[in-house]
4 protein chains.
Amino acid sequence: VILGHEYTGTIHDLGEGVKNDFIGNPVEVGDKVVNCTIAYCENCYICNVKRTPTMCPNTKQLSRFTCDKPPHLFGGFAEYIYLPPGFAFFKAPEGVPDEALATANCALGTIVHSYEKVGLEIGDSVVIQGVGGLGLYGAALAKRIGASKVIAIDQVQDRLKFSEEFGADHTINMLEYRTPEEREKKVKELTGGWGADLVVDVSGTPKAIPEGVKMLRKGGRYLEIGCVFPNALFQMDAILFPYSEITMTGVRLYEPRHLWKGLKFLEETKDKYPYKKLVSHKFKLEEINKAFELFDQRKVLRPGIIPG
Amino acid sequence: VILGHEYTGTIHDLGEGVKNDFIGNPVEVGDKVVNCTIAYCENCYICNVKRTPTMCPNTKQLSRFTCDKPPHLFGGFAEYIYLPPGFAFFKAPEGVPDEALATANCALGTIVHSYEKVGLEIGDSVVIQGVGGLGLYGAALAKRIGASKVIAIDQVQDRLKFSEEFGADHTINMLEYRTPEEREKKVKELTGGWGADLVVDVSGTPKAIPEGVKMLRKGGRYLEIGCVFPNALFQMDAILFPYSEITMTGVRLYEPRHLWKGLKFLEETKDKYPYKKLVSHKFKLEEINKAFELFDQRKVLRPGIIPG
Amino acid sequence: VILGHEYTGTIHDLGEGVKNDFIGNPVEVGDKVVNCTIAYCENCYICNVKRTPTMCPNTKQLSRFTCDKPPHLFGGFAEYIYLPPGFAFFKAPEGVPDEALATANCALGTIVHSYEKVGLEIGDSVVIQGVGGLGLYGAALAKRIGASKVIAIDQVQDRLKFSEEFGADHTINMLEYRTPEEREKKVKELTGGWGADLVVDVSGTPKAIPEGVKMLRKGGRYLEIGCVFPNALFQMDAILFPYSEITMTGVRLYEPRHLWKGLKFLEETKDKYPYKKLVSHKFKLEEINKAFELFDQRKVLRPGIIPG
Amino acid sequence: VILGHEYTGTIHDLGEGVKNDFIGNPVEVGDKVVNCTIAYCENCYICNVKRTPTMCPNTKQLSRFTCDKPPHLFGGFAEYIYLPPGFAFFKAPEGVPDEALATANCALGTIVHSYEKVGLEIGDSVVIQGVGGLGLYGAALAKRIGASKVIAIDQVQDRLKFSEEFGADHTINMLEYRTPEEREKKVKELTGGWGADLVVDVSGTPKAIPEGVKMLRKGGRYLEIGCVFPNALFQMDAILFPYSEITMTGVRLYEPRHLWKGLKFLEETKDKYPYKKLVSHKFKLEEINKAFELFDQRKVLRPGIIPG
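So, how was this worked out
- Residues numbered from 1 in each chain as written.
- Chains lettered and ligands numbered in written order.
- Predicted model: local features only at pLDDT ≥ 70, side-chain atom pairs only at ≥ 80, totals over all residues.
- Heavy atoms only, no water.
- Least-squares fit on C-alpha atoms with pLDDT ≥ 70 in both.
- Contact = heavy atoms within 4.5 Å.
- pLDDT = per-residue confidence, 0-100.
- Pairing = 2+ DSSP bridges.
- Helix = DSSP H or I, 4+ residues; strand = E, 2+ residues; numbered from the N terminus.
- Right-handed = clockwise from strand over helix to strand, strands pointing away.
- Buried area = accessible area lost by both parts, 1.4 Å probe.
- Salt bridge = Lys/Arg side-chain N within 4 Å of Asp/Glu carboxyl O.
- Polar contact = N/O pair within 3.5 Å; in protein donor to acceptor, adjacent residues only side chain to side chain.
- Nonpolar A, V, L, I, M, F, W, Y, C, P; charged D, E, K, R; others polar.
- Buried < 20%, exposed > 50% of the residue type's maximum accessible area, 1.4 Å probe, protein only.
- Axes fitted to C-alpha atoms, helices over the stretch in contact; angles between N-to-C directions.
- Phe/Tyr/Trp six-rings, centres within 6.5 Å; stacked < 30°, edge-to-face > 60°.
- Parallel < 35°, antiparallel > 145°, perpendicular 65-115°, else oblique.
- Left-handed = near helix turned anticlockwise from the far one by under 90°.
- Arc of directions from axis to C-beta.

## Some points on the relation of the copies chain C and chain A
Part 1 of the reasoning: Overlaying chain C with chain A gives an RMSD of 0.0 Å, the required rotation being 180° about an axis along which the chain moves by 0.0 Å. Viewed as a symmetry operation, the transformation between the two copies matches a two-fold axis. Of every C-alpha in chain C, the one belonging to Glu42(C) sits nearest the axis of rotation, 3.7 Å from it.
Part 2 of the reasoning: A share of 100% of interface residues in chain C that are also interface residues in chain A marks the association as one of identical surfaces.

Rendered as structure tokens:
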């Protein structure tokens, strides 16, 4: 398998008969594009009757295609990539930096999907638990579609600082507000005593969940998209469902329309948020091992690979 | 406080200027009515901006009105009851047995509310964990609005038998299917391998939750309305949110429209379900202590009090 | 072209690798099935971004496949039919009469789609303008998913009588209530003065529209699915949009899930409604011209063709 | 009657027990506030069962309160105004110009309400027919909550120019594009051939309707909020409902939450749009007749009255 599922590139060659992108825009060799790395069957109970294709049992994922079969090239860490028929791709909007385009087809698509699922209203308050890549997009998109207050929680001051550039109105540093109780109190303070309308957990630790659900207002919604590994056990009090009417949900991956909406969002906000900074250090393809190493040592926060 | 919040009665006298019920039907002395025992402020962030009045911090509940203040009579275990202004009431539909009317303004209203919140589609499969009063209405209403398969789970064979009269298509006796794994397997079998579209927990035990969420299909919804006491702790795997895209939620109480819809439902199904059996034994008001005693001893399942 | 788009049949032979129907039920030769006669591209702005595939510009319709190309057989008026890959089909539920199955894949699918689009709530009142095939399903499905009052309007007493067998609670004969004003008044009377929550026009005459929109309650919805020919001009007062907040919409065709939901509905109601009567007279395939002739002369109301 | 329903002001005195605004923010004398001029009964079929209170038959409107009854002052063209109990009011957000606050409680509230009703998605294209006050807010809010393309149509070049400052991406001058066909063609061109996702008519002429519905993409939505006078007759082809699946609707007035959301929107965009210009000329209260006169002569476009 060739790794790498967050990338962008230009069209080197087009398959026979391919004249348009997924929504009908004409494309030609040399155009910059972004593509979905997953395709759904659209032909089963989950895809068609329930219309939640990201749960389709017959999903095809590029990242599962092995490079021992021609045309071999299905992963992002390469100079060329082959996109099989049935995988959606979109012409990139003008003027959006590669640094944003490359992260659109995973982090951004997932955030668009999850906000579509829970719904956001004008004036909503949103807490983001953990402001890595998903969290930054979570902050930026929430502000773009109407949220009036985004509160970022993290334990790394640099990340909190950075989140402010992506729309966070307030930050809570876990080294300063040391207990879940202190943080809950702070969120309540910042939300007129009600609690947050939406809490988004992208911290990747199940401990965040019992803490986060207490930050919700009555009737609030909790989005869990960080715990993508098995045995992410958490314990909480079931009374929060009937007595506080909270809703908990999550999403996995995204559909083509979420990627398309993500690109429209990037187009609208390209001058508003510092997308170029999403990649902190650039490496050549042959330096990729070094990049991973430095990332593991936390010497480099958000490395990018520039092939060719 | 005079206890009793599930009841029906006839109008003994009308306050000045009261000519219609809550939705404009003309009423007069002698009409049978059903009323809401809660009123909402309609004048706060929760009621008006978020439109979830059952979460209103300024709720008025009849069951909190004490009998030391005139006109004293605010509870159901009495010959007369006084309904203060602002509490919705509806003329009872013709031909619906008192046994059903009396339970409409709590159990049924709550079920209507919860199904409105999660949405039910034609063809859905529904699992009910625990078939007491809420569970029976859960089964009956699910079938009425389009569910094609209702599966009742309980450990009392009589209750399971009874649930079949209220629409359950299949029953799972916990004494026969002894482990969560066996029950999950049975639900999967009954749902073509997918799992249930909706699982409703009205069992009142938090242990039902980690078991129930595994019975869901990918993208399924879990309704928790049974755990209405604090410290109903449960533990589960957070990966079910992102990887299985499940949704968990619950409701408390109901709004006037849910009671009205419940009455419409009773009117439509009065000949379909054996509502008279909802009260298994009748007692006079002066026998109320005996009724409670026999209920505590489980000698009487669903006692009813008939004042006057 | 071989005509005929409302039909059912049994599997004569299965294509290579076809083992299940569209939602994963195993199928084999001899099984009775129902199929969609349309397939959508799922790969354009309309299908994927806006998720309204019945508006897809790349739709494939069996009724447009000509019989000069092998395997020639794409229409319903024939002994055999070939279903190309990509067209959804479903195993028929047990015990549902052929007379219902044959009409599922157009009339019923369209009604399911349209009710899904506008939403129906428990207790709703529904007016049906014109009770032909679409209107009968409109009445029956409305009652099944919660409507409490269905009012049928037509000028043929036999059709009105028949609609009562399919769920209509009240009928208005246009020969008795002669003017739009009289009919509007009658609808208001039957709906407690409010007007109907939903009016469905399947009469096929644009004159029904300005009349029907006045039958709506404030905030009511109007479904126009009868005027499927160009230049169906109508005139109305635009003030009904802002001042009465009415909504008007319609649908064309259906998606696979609507057909599937329709089959679930038929399964649930097979003993409730007299589906066998949906075909009033049966003809052999070689008598088809006679059937059309008698239908044109209105000597036969709902003819059915039984090949083989 | 004292006229004037679009205004803002500061609290001169508070009624007994009034300590908070409608959503619980503490208020005191001297605070700037904005109020709803309508109150709903919340206690009828329309308010509670159908939850569309702007259609409530028991609405109270300040503009209907006559000045012959104490405390006399219910209209905006005055130095003081008395707000009776039950009418929602909100503390104004800091830094929003009076020119915007004064128009929030009619034009903006109505736009918020109408977009909530039809739903707007990221990437939508929106056509505004007529860019007066409602149209400017229609453009600005559409852009704020995700629309990627707003197209303004008008016959006054100055208004089109002004609409660009409020978010319009493209303008179509009716003096340049002279026929409905030319304008439809231009909209199609600007929307990749699909047509617009949403067309909003605030032109106040019913002729705009048959023109506007043809500008929609298949499945598009049409918002009619301009024709607020009787006999606004229009004629169109009914086939657009089933064959193009368009939806037409409208709203009247707004609920408290729409005003609140409007204020949140103003707060977020106070530096983005030139709200001060919404009032083109200011007049003292005693000059009000002159203001109306100049407006009638079209010498003054958007006059404002500054009492005291």
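There is more to say after this.
## Comments concerning the confidence of the model for chain A
Part 1 of the reasoning: Averaged over chain A, the pLDDT score is 93; the fraction of residues at 70 or greater is 100%.
Part 2 of the reasoning: Model confidence for the complex: the whole-complex pTM is 0.95, and ipTM, which rates the interface, is 0.95.

## Considerations on the pairing of strand S14 (residues 303-306) of chain D
Residues and elements named next belong to chain D.
Part 1 of the reasoning: Bridging between strand S13 (residues 281-284) and S14 involves four bridges; their strand directions are parallel. In the strand pairing of S14, Lys-284 is matched with Ile-306.
Part 2 of the reasoning: For the segment spanning S13, helix H9 (residues 288-296) and S14, crossover handedness is right-handed.

## Considering the interface of chain C and chain A
Part 1 of the reasoning: Each side of the interface is counted separately: chain C has 14 residues, and chain A has 14 residues.
Part 2 of the reasoning: For the pairing of chain C and chain A, the buried interface totals around 1,600 Å² over both sides, and the portion due to carbon and sulfur atoms is 54%.
Part 3 of the reasoning: For the interface between chain C and chain A, the tally reads two salt bridges.
Part 4 of the reasoning: For Arg51(C), the salt bridge identified is with Glu116(A), shortest N-O distance 3.9 Å.
Part 5 of the reasoning: There are two residue pairs in polar contact (both at pLDDT 80 or more) connecting chain C and chain A.
Part 6 of the reasoning: Residues belonging to the side of chain C that touches chain A are distributed by class as follows: seven nonpolar, two polar and five charged.

## Describing the environment of Pro85(D)
Part 1 of the reasoning: Looking at the element boundaries, Pro85(D) is found in the loop between strand S4 (60-61) and strand S5 (89-91).
Part 2 of the reasoning: On a C-alpha basis, the gap between Pro85(D) and His72(D) in space is 15 Å, while along the polypeptide they are 13 residues apart.

## Observations regarding the side chain of Thr247(B)
Part 1 of the reasoning: Its location among the elements puts Thr247(B) in strand S12 (residues 247-249).
Part 2 of the reasoning: Of the residues examined, Thr247(B) reaches a relative accessible area of 14% and is grouped as buried.
Part 3 of the reasoning: When near neighbours in sequence (up to four residues on either side) are disregarded, Thr247(B) contacts Lys117(A), Thr247(A), Met248(A), Thr249(A), Gly220(B), Arg221(B) and Tyr222(B).

## Side note on the sheet that holds strand S1 (residues 9-10) of chain B
All names here are of chain B.
Part 1 of the reasoning: The three strands are arranged S1-S2-S5 in an open sheet whose pairing can be described as antiparallel. Of all the strands in the sheet, just S1 and strand S5 (89-91) have a single pairing partner and so form its edges.
Part 2 of the reasoning: Sitting on the sheet, helix H8 (residues 256-269) is in contact with strand S2 (32-35) and S5, with an inclination near 20° to S5.

## With respect to the packing of aromatic side chains
Part 1 of the reasoning: Counted by the stated rule, this structure contains 54 aromatic pairs over all chains.
Part 2 of the reasoning: Ring centres of Phe65(B) and Phe87(B) lie 6.0 Å apart, and the angle between their planes is 85°; this geometry places the pair in the edge-to-face category. Placement of Phe65(B) in the loop between strand S4 (60-61) and S5 and of Phe87(B) in the loop between S4 and S5 is noted, with a sequence separation of 22 residues between them.
Part 3 of the reasoning: Classification of Phe65(B) as partly exposed rests on a relative accessible area of 24%.
Part 4 of the reasoning: On the basis of relative accessibility, which here comes to 6%, the residue Phe87(B) falls in the buried class.
Part 5 of the reasoning: Pairing Phe77(B) with Phe292(B) gives two aromatic rings, centres 5.9 Å apart and planes at 90°, and the pair type is edge-to-face. Taken together, the residues Phe77(B) in the loop between S4 and S5 and Phe292(B) in helix H9 (residues 288-296) connect sequence positions 215 residues apart.
Part 6 of the reasoning: Judged by its relative accessible area of 29%, Phe77(B) is partly exposed.
Part 7 of the reasoning: Ring-pair connections join several aromatic residues into one group, and the members of that group are Tyr137(A), Phe162(A), Phe166(A), Tyr273(A) and Tyr275(A).

## A word on the interface of chain D and chain C
Reports often express the size of an interface as the amount of accessible area lost when the parts come together.
Part 1 of the reasoning: Opposite the 45 residues of chain D that make contact, chain C presents 44 residues.
Part 2 of the reasoning: Both faces considered, chain D and chain C share a buried interface measuring about 4,000 Å² in area, 60% of it formed by carbon and sulfur atoms.
Part 3 of the reasoning: Here chain D is connected to chain C by four salt bridges.
Part 4 of the reasoning: With its nearest N and O atoms 2.9 Å apart, the salt bridge here joins Glu121(D) to Lys50(C).
Part 5 of the reasoning: At the boundary of chain D and chain C, one finds 27 residue pairs in polar contact (both at pLDDT 80 or more).
Part 6 of the reasoning: For the side of chain D that touches chain C, the secondary structure elements donating two or more residues are helix H1 (45-49), helix H2 (98-118), strand S10 (216-224), strand S11 (233-237), helix H7 (240-244) and strand S12 (247-249) of chain D.
Part 7 of the reasoning: Ranked by residues supplied to the side of chain D that touches chain C, first place goes to S11(D) with five residues.
Part 8 of the reasoning: The residue makeup of the side of chain D that touches chain C, split by class, is 24 nonpolar, 10 polar and 11 charged.
Part 9 of the reasoning: Where strand S11 (residues 233-237) of chain C meets S11(D), five bridges bridge the pair, whose relative direction is antiparallel.

## Considerations on the packing of helix H2 (residues 98-118) of chain C against helix H7 (residues 256-269) of chain C
Axis angle and axis distance: for two packed helices, these are the angle between their axes and the distance between the axes, and together they describe the pair.
Residue and element names in this part refer to chain C.
Part 1 of the reasoning: Running from N to C, H2 and H7 cross one another at 110°; their axes reach a closest spacing of 8 Å. By the angle between their axes, H2 is roughly perpendicular relative to H7. Crossing of H2 over H7 shows right-handed handedness. Between H2, through Ala-100, Leu-101, Ala-104, Asn-105, Leu-108, Gly-109, Val-112, His-113 and Glu-116, and H7, the contact on the second element is made entirely by Arg-257, His-258, Leu-259, Lys-261, Gly-262, Leu-263, Phe-265 and Leu-266.
Part 2 of the reasoning: Residue classes in the contact of H2 with H7 are distributed as nine nonpolar, five polar and three charged.

## Section: H9(D)
Residues and elements named next belong to chain D.
Part 1 of the reasoning: Buried within H9 are the following residues: Ile-288, Ala-291 and Leu-294. End-on, the buried residues of H9 take up no more than an arc of 125°, which puts them together on one face. In this structure, H9 carries Asn-289 and Asp-296 as exposed residues pointing more than 90 degrees from its buried face.

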